[in-house]
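# Analysis of the macromolecular model
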Amino acid sequence: MSHEKNDAINTTQPVNMDKQQEEAMKLDLTAQDTCSAEEEETRSLIDRLKRLQAEFENYKKRVQREMGSLEERISDREILDFIPLFDNMERAFMSYSGNNDVGSFIEGIERIFAQFSQVLNHKGVAPIEVLGRRFDPAKHEALLSVESDEEENMVLEEFERGYLRNERLLRPNKVKVSRGKPKTEE
Amino acid sequence: MKEKIIGIDLGTTNSCVAVLEAGAPDVITNNEGERTTPSVVAFTDTGERLVGRLAKRQAITNPEHTIASIKRQMGTDFRVNIKTDGKVREYTPEQISAMIIQKLKKDAEEHLGGKVTKAVITVPAYFNDSQRQATKDAGKIAGLEVMRIINEPTAASLAYGLDKTEEQTILVYDLGGGTFDVSILEIGEGVFEVMATDGDTHLGGDDFDHRVMDWLVEEFRKDTGIDLANDPSAMQRLKDAAEAAKMELSSRKETTINLPYITADASGPKHMEKKLTRAKFEQMIDDLLQRTIQTVDSALREAKKGAEDIDQVVLVGGSTRIPKVQELILSRIPGKINKEINSDEVVACGAAIQGGVLAGEVDEIVLLDVTPLTLSIETLGGVATPLIERNTTIPTEKTKTFTTAEDNQPAVEIHVVQGERKMATDNKSLGKFQLTGLPPAPRGIPQIDVAFNIDADGILHVAAKDKATSKSASITIKDSSRLDESEIERMQREAEEHAEEDKQKAEDIETRNRADQLVYSVEKALSDLGEKVSQDERGKIEDQLRRLKDKLSQNAPIEEIRQAIEELSKSSQHLAEEAYKQTASTAGSGETETSSGEGEEDGGDYIDAEYDDKE
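Rules of the game
Residues numbered from 1 in each chain as written. Chains lettered and ligands numbered in written order. Predicted model: local features only at pLDDT ≥ 70, side-chain atom pairs only at ≥ 80, totals over all residues. Helix = DSSP H or I, 4+ residues; strand = E, 2+ residues; numbered from the N terminus. Rg over C-alpha atoms; globule rule 2.2 N^0.38 Å. Contact = placed C-beta atoms within 7 Å. Buried ≥ 20, exposed ≤ 12 C-beta atoms within 10 Å, placed from the backbone. Pairing = 2+ DSSP bridges. Axes fitted to C-alpha atoms, helices over the stretch in contact; angles between N-to-C directions. Core = buried A, V, L, I, M, F, W, Y, C linked by C-beta atoms within 7 Å. Nonpolar A, V, L, I, M, F, W, Y, C, P; charged D, E, K, R; others polar. Parallel < 35°, antiparallel > 145°, perpendicular 65-115°, else oblique. Left-handed = near helix turned anticlockwise from the far one by under 90°. pLDDT = per-residue confidence, 0-100.

### With respect to the overall build of chain B
Helix and strand counts for chain B come out as 18 helices and 26 strands. Relative to the 2.2 N^0.38 estimate, which gives 25 Å for 615 residues, the radius of gyration of chain B is 34 Å and therefore markedly larger than a compact globule would have. Seen through its C-alpha atoms, chain B measures out along the principal axes to roughly 105 × 75 × 50 Å. Once local pairs closer than 6 in sequence are excluded, the contacts in chain B between residues at least 24 apart make up 66%.

Structure representation (structure tokens):
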């Protein structure tokens, strides 16, 4: 048995049973009034039901609390994956302020970018290719629709990249969509 | 299992669906992983029908065949004409609304894993009969039996359980994405009566976003001479950033809008970095907020009520999270503000509760109380040690093991207190009793189980039982959960106010208890080890021991005690190791003795007896 430290209770000198205690005992006795076995069973079943339900309510409250702290811990873990990128970025700036070498600074940033891509890749994040494809509202969001020589509903320009994570949409691409050739008088 | 009745908040910009699960409303996440669904329907060239987020994303490419805010047309002769494959189809507002309801229904069925055929749908309080009928018909078209149409403000009040209180006047302030509504309700005996409604059909959170965007565009123009308004890509980023800034300013005093490479000109790339304070934001939207307060005033006039007549204010809609909104309402109406439930979901939650009542689910569930305040017992140093935390649903039972504070302590006093303060004396005393006849034992050895048992009527039974002797004593406290509201509020407020100071006090006591424990164990080790401790060492330790005891008895500042503890534990570390070696070699005998103490079986309830009971 694990011996957790128990809180200690102070003492006073032993005294006789106090009044409240006596009353409580009396109350117990009066509660024992004559009721049939059936009534007794119903009462105990109802009590059991209530206790079960209360336990469920308390369980739900606990789960909710735990979910909160779980979320917190998961996001902690995610953040930890990105902190090295931040560190390296800082190193790049420090190195640049020491040597003023633009060439090596850009090379450093490129390395960090590669590292960044790797982190996203490991997390199952992939960019959505959109240029030259048909507009699909399941993956893209249209910001503009313009007349063009392209076929109707073709994506003409990407304003913001979209991402999938394990085939689930994280963020849609923000795009410009072709409305087709200028319509002649109808 | 009975069939669930879902609750639907069919909104102008967004809709939400919830269902009662085990007595509490649960918002259903849609297929796209969101808790609300845009109220947008679209028909594509290929004849495909899109509803919700997808319809919204393609709206710009397909403006003629995308329908938003259909709610504004409910009950009118308005018709939507859709041309596909050369054919023109005509849809009524009911049919379009039905498509939204159908999606919500489908998402609910996926969530619940079964068919859904019944729903409660909410409408604005100002909807007339034909608008209500149209909403009902929309439900029917979607394949749902609409069990009831209820007012949105009524649903919000239900979500807060305001129907369970005595006669009250409630003001519901609903500031959504694009509409603003005020309703004044009177509730008595569970019946809601709408006294007045007012509103602004084109005012909401989107307007606040636009104010921030306009400001950003203007600031950028001043700084760089570039007008971003003509750059759709930049404008989209600005819109997202403005909304994010608005939300952040609900919890922070200041935020930075940082948009690198927002645009470029001949001189190179341009970045945006702007600080926005909450004060500045409030100033930007002040005229809009003042308009809402004027609407509140006109609703009060219509209801022939004064601000002082309002007992409860219920907040609905995401924009009510803005602190200034709450501040303005509070300054106008001194009533109690209800804002704990997510304001985007509160209407759907209320509808789900109404659904649960109609399904008979709420009747079936015995409504259980919660303990309004924490129940604790007093332990060494006057600390209140919690057994049952506040907000625990009753009936419930908790047992914790305690021990003695002194050697050969013959009795323990169980002092039951109620409240959130860390010290027992700051809480309300509910009663005390003693467990006597503990056999002589060193402190810390006896194990006394204290059991708190609250039954469904809120009656608290506290029993203490010495594990060694099975001796027990108990008390029954009748009014453990029957405090009146104001007393509970006062006690909670006090606990908040004193939280820092109480924490300090509890830490101080913890330190003192640790000092006390250290003194005890070092003294014991010294006497146990006897000759084995060198004269030198013994002298040094006894010296430090005396110093710590003096400090304890003089009630010295906690820092000094802490220091003395550190010194003594450092110099007695070696002692502890020695003592440990010694006990390890003689172990067994000592321990079995204390735990096997049979004692007199004086009426102690034995486990055996409980087994008999269950038969």
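Still more ground to cover, so stick around.
### Observations concerning the overall build of chain A
Of the regular secondary structure elements, chain A holds three helices and seven strands. In sequence order, the secondary structure elements of chain A are arranged as β-α-α-α-β-β-β-β-β-β. Within chain A, the fraction of its 186 residues that count as buried is 13%. Contacts in chain A between residues far apart in sequence, at least 24 positions, make up 60% of those at least 6 positions apart.

### A closer look at the sheet that holds strand β7 (residues 173-180) of chain A
The three strands are arranged β3-β7-β4 (chain A) in an open sheet whose pairing can be described as mixed. Edge positions in the open sheet fall to β3 (140-147) and β4 (155-160) of chain A, since each of these has one partner strand only. Within this sheet the neighbouring strands show an average axis-to-axis angle of 25°, counted without direction. By the bridge criterion, four bridges tie β4(A) to β7(A) in an arrangement that is antiparallel. The residue bridging Glu158(A) from the neighbouring strand is Val175(A), located in β7(A). The strands touched by helix α6 (residues 232-248) of chain B are β3, β4 and β7 of chain A; relative to β4(A), the strand with the most contacts, the crossing angle is about 40°.

### Focus on the nonpolar core
One finds Ile8(B), Ala18(B), Tyr173(B), Ala348(B) and Ala351(B) to be the most contacted residues of the largest nonpolar core, which totals 100 residues. When residues no more than four places from it in sequence are discounted, the contact partners of Tyr173(B) are Val182(B), Val296(B), Val313(B), Leu315(B), Val316(B), Thr320(B) and Ile329(B).

### Let's talk about the interface of chain B and chain A
Each partner contributes residues to the interface: chain B has 46 residues there, and chain A has 38 residues. Listing elements by their share of the side of chain B that touches chain A, those giving two or more residues are α1 (53-57), α6, β21 (396-404), β22 (412-418), β23 (428-435) and β26 (472-477) of chain B. Among the elements that line the side of chain B that touches chain A, the one with the most residues is β21(B), at five residues. Its residues assigned to classes, the side of chain B that touches chain A shows 21 nonpolar, 21 polar and four charged.

### Section: the sheet that holds strand β6 (residues 168-171) of chain A
All names here are of chain A. Pairing is antiparallel across the open sheet formed by three strands, whose spatial order is β2-β5-β6. If you trace the sheet from one side to the other, it starts and ends with β2 (125-127) and β6, each paired once. With strand direction ignored, the average angle separating the axes of adjacent strands in the sheet is 35°. By the bridge criterion, three bridges tie strand β5 (residues 163-165) to β6 in an arrangement that is antiparallel. Across the sheet, the residue bridging to Tyr163 is Arg171, located in β6.

### Observations regarding helix α4 (residues 152-159) of chain B
Residues and elements named next belong to chain B. For α4, the buried fraction is high: eight of the eight residues fall into the buried class. For α4, the set of buried residues is Glu152, Pro153, Thr154, Ala155, Ala156, Ser157, Leu158 and Ala159. Directly after α4, the chain includes Gly161, whose backbone phi takes a positive value near 70°.

### Describing the packing of helix α13 (residues 499-529) of chain B against helix α15 (residues 558-571) of chain B
All names here are of chain B. Contact pair α13 / α15: the axes reach a minimum separation of 10 Å and the direction vectors enclose 30°. Of the possible angle classes, the one that applies to α13 and α15 is roughly parallel. For the element pair α13 and α15, the recorded crossing hand is left-handed. Note on element contacts: α15 touches α13 through Ile558, Ile561, Arg562, Ile565, Leu568 and Ser569, opposite Asp508, Thr511, Arg512, Arg514, Ala515, Leu518 and Val522.

### So, unusual backbone geometry
Backbone geometry follows two general trends: most residues other than glycine have a negative phi, and most peptide bonds adopt the trans configuration. Backbone torsion omega between Ile394(B) and Pro395(B) reads 5°, so that peptide bond is classified as cis. Tracing the chain through its elements places Pro395(B) in the loop between β20 (383-388) and β21. A positive phi angle, close to 45°, is found at Asn166(A), a residue other than glycine. For Lys304(B), which is not glycine, the phi dihedral falls at a positive 55°. Within the fold, Lys304(B) resides in the loop between α8 (286-303) and β17 (312-316).

### Overview of the pairing of strand β11 (residues 145-151) of chain B
Pairing of strand β10 (residues 118-123) of chain B with β11(B) involves six bridges; the strand directions are parallel. The residue bridging Ile121(B) from the neighbouring strand is Ile149(B), located in β11(B).

### As for the environment of Leu170(A)
Residues and elements named next belong to chain A. Secondary-structure assignment places Leu170 in strand β6. Leu170 sits in the partly exposed class, given 15 other C-beta atoms within 10 Å. The spacing of Leu170 and Pro127 is 43 residues in sequence and 9.6 Å in space, taken between C-alpha atoms.

### What about the environment of Arg89(B)?
The topology assignment puts Arg89(B) in strand β9 (residues 87-91). Take Arg89(B): there are 14 C-beta atoms within 10 Å of it, and that puts it in the partly exposed class.

### Some points on the confidence of the model for chain B
Residues and elements named next belong to chain B. On average, chain B scores 86 in pLDDT, and the residues at 70 or more come to 92%. When pLDDT is averaged over each helix and strand of chain B, the minimum, 32, is found for helix α18 (residues 607-614) and the maximum, 97, for strand β1 (residues 5-9). Note on residues 587-615: pLDDT is under 50 here. Beyond four places in sequence and across chains, it has 19 contacts. Overall fold confidence for the complex sits at a pTM of 0.72, while the interface term, ipTM, reaches 0.71.

### Details of the packing of α4(B) against helix α10 (residues 346-358) of chain B
All names here are of chain B. The N-to-C vectors of α4 and α10 enclose an angle of 80°; their axes lie 7 Å apart at closest approach. With respect to their mutual orientation, α4 and α10 come out roughly perpendicular. Note on element contacts: α10 touches α4 through Val346, Val347, Cys349, Gly350, Ala351, Ile353 and Gln354, opposite Glu152, Ala155, Ala156, Ser157, Leu158 and Ala159. Its residues placed into classes, the contact of α4 with α10 shows nine nonpolar, three polar and one charged.

### Some details on the pairing of strand β3 (residues 24-27) of chain B
Residues and elements named next belong to chain B. Every second residue of β3 is oriented toward a common face, the buried set being Pro25 and Val27 and the non-buried set Ala24 and Asp26. Pairing between strand β2 (residues 14-21) and β3: four bridges, direction antiparallel. Following the sheet pairing, Ala18 is matched in β3 by Val27. Remark: two residues form the turn of the hairpin made by β2 and β3, two consecutive strands paired antiparallel; Ala22 in that turn has positive phi of roughly 50°.

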